[in-house]
Amino acid sequence: MNEIWVHIGTTNQAARLELKSVSGRSGLGVMQLRFQFEASCRKKASAQRPMWFEGKVSTFGLGSSNGYLGRLVVESSPVTLYDLAATTTFDLVVDLDHRQLQIIEEHRTGALKFNLEVTGTAMRDGNLERIGVGSIEYEVNQSDWAAILEQMQYRRLLLVELDAPDVNRSAEFAAALDYYRDAEKQYVKHEWRLTVEALRQTLAALVGKKADEEDEAADIAAAAKALRKESMNTTVGYPPRAEQVRLALKFMCDLGAHPEVAGTEKHNAYSALLMVGGLLHSWQPVRPRITSQVPVEKTEAAQAVPTANA
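Residues numbered from 1 in each chain as written. Predicted model: local features only at pLDDT ≥ 70, side-chain atom pairs only at ≥ 80, totals over all residues. Heavy atoms only, no water.

(A) Representation of the overall build of the chain in the model. Secondary structure assignment for the chain yields eight helices and eight strands. Relative to all contacts within the chain whose residues are 6 or more apart in sequence, the contacts with residues 24 or more apart total 68%. On the chain, roughly 18800 Å² of surface is accessible, and the fraction owed to carbon and sulfur atoms is 51%. (Helix = DSSP H or I, 4+ residues; strand = E, 2+ residues; numbered from the N terminus. Contact = heavy atoms within 4.5 Å. Areas by Shrake-Rupley, 256 points an atom, 1.4 Å probe, with all protein chains shown as cover.)

(B) Representation of the nonpolar core in the model. The biggest cluster of nonpolar side chains holds 46 residues, and the ones touching the most others in it are Leu33, Phe35, Phe53, Phe114 and Trp145. The greatest single-element share of this core, amounting to six residues, is contributed by strand β3 (residues 31-41). Ignoring anything within four residues of it in the chain, the contact list for Phe35 reads Leu19, Ser21, Val22, Val57, Leu72, Phe90, Asp91, Leu92, Val94, Phe114 and Leu116. Ranked by size, the runner-up nonpolar core spans 23 residues in total, among them Ala183, Leu203, Leu206 and Ala269. (Core = buried A, V, L, I, M, F, W, Y, C linked by side-chain atoms within 4.5 Å. Buried < 20%, exposed > 50% of the residue type's maximum accessible area, 1.4 Å probe, protein only.)

(C) Region of interest: the packing of aromatic side chains. Going through the model one piece at a time under the given rule, you end up with six aromatic pairs. Seen in terms of ring centroids, Phe53 and Phe90 are 5.3 Å apart; in terms of plane orientation they differ by 10°. Their pairing is stacked. One end of the pair, Phe53, is in strand β4 (residues 51-60); the other, Phe90, is in strand β6 (residues 87-96), with 37 residues separating them in the sequence. Cluster of aromatic residues (ring-pair linked, three or more members): Phe35, Phe114 and Trp145. (Phe/Tyr/Trp six-rings, centres within 6.5 Å; stacked < 30°, edge-to-face > 60°.)

(D) Local environment of the pairing of strand β8 (residues 127-140). As defined by bridge partners, strand β7 (residues 112-124) adjoins β8 across twelve bridges and the pair is classed as antiparallel. Along β8, the bridge assignment pairs Ala122 with Glu129. In this structure, the hairpin formed by β7 and β8 is closed by a connection of two residues, where Asp125 is found at a positive phi of approximately 55°. (Pairing = 2+ DSSP bridges.)

(E) Representation of helix α4 (residues 192-205) within the structure. Over its 14 residues, α4 extends 20 Å from the first C-alpha to the last, a length consistent with the 20 Å expected when each residue adds 1.5 Å. Counting buried positions over the 14 residues of α4 gives twelve, a clear majority of the element. Within α4 the residues assigned to the buried category are Trp192, Thr195, Val196, Glu197, Ala198, Leu199, Arg200, Gln201, Thr202, Leu203, Ala204 and Ala205. Tucked into the core, α4 has its buried residues touching α3 (171-188), α6 (238-253) and α7 (266-281). (Expected span 1.5 Å × (residues − 1).)

(F) Region of the structure containing the packing of α4 against α6. Running from N to C, α4 and α6 cross one another at 150°; their axes reach a closest spacing of 9 Å. Judged by the angle between their axes, α4 and α6 are roughly antiparallel. Two packed elements cross with a definite hand, and for α4 against α6 that hand is left-handed. Across the interface between the two elements, Val196, Leu199, Arg200, Leu203 and Ala204 from α4 touch Arg246, Leu249, Lys250 and Cys253 from α6. Residues that form the contact of α4 with α6 fall into these classes: six nonpolar, no polar and three charged. (Axes fitted to C-alpha atoms, helices over the stretch in contact; angles between N-to-C directions. Parallel < 35°, antiparallel > 145°, perpendicular 65-115°, else oblique. Left-handed = near helix turned anticlockwise from the far one by under 90°. Nonpolar A, V, L, I, M, F, W, Y, C, P; charged D, E, K, R; others polar.)

Shown next, in the form of structure tokens:
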């Protein structure tokens, strides 16, 4: 049963709390899980006595990632049962951030279990006293959890978090990271074109160049064609492929170099910022290939040809 009992003073099971449903809600930068309870008065000790509930909620069914989610608070206080057998509903809510939901989605394999530990206080003769409540487990099946995610608009927000790259990789990488930080500052200022221009400089600095040194679409096409031809004969690893991505992103960001172009909008700057940030996260410079010089043995015909010094 999805129920817990409220003990007030020496009176056990003075009121009953039944967890009826779980829903979600989207907020500004946070999302909220809402646990709806029905409270019913079972003994006179809980009648006409305002009660406040709180607690904490944890998750199960996530393997090693089980654990504390957040603090439960009652949305509407106090909860009052006005007479014997009276009922009322109230919500206990917990605020979640996107990272918590991301962890849940990475480790959830089916149904999701919540453990709610509820405590409370009640008014008695003008004073507040602690009341005993308890804990309850509630399982949300996979289809209901998908509906809750939709209510929280979880999939409508793309959140990308990357570890800060090590600035000491190389002098070129340090310069590129400085340009990227400038791009972030321009983005905060809503300077969309300047954001893309700074990203253009970032991509060129990665290979020790200036932005204007890579402006030809034909060069990008030729490099891609050469790499494709090479991939037919040998295995091409991630660094050479990442270099093609860098060139393509640089071509995209070249639009930021033209002040007369008013077409750079917020979504252009944001997508470029994400893509370049992802490239920086795993960037490895392409090392030049070293080909060994193998001496060519002289053929009999070659040996028979006299040299100029003979």
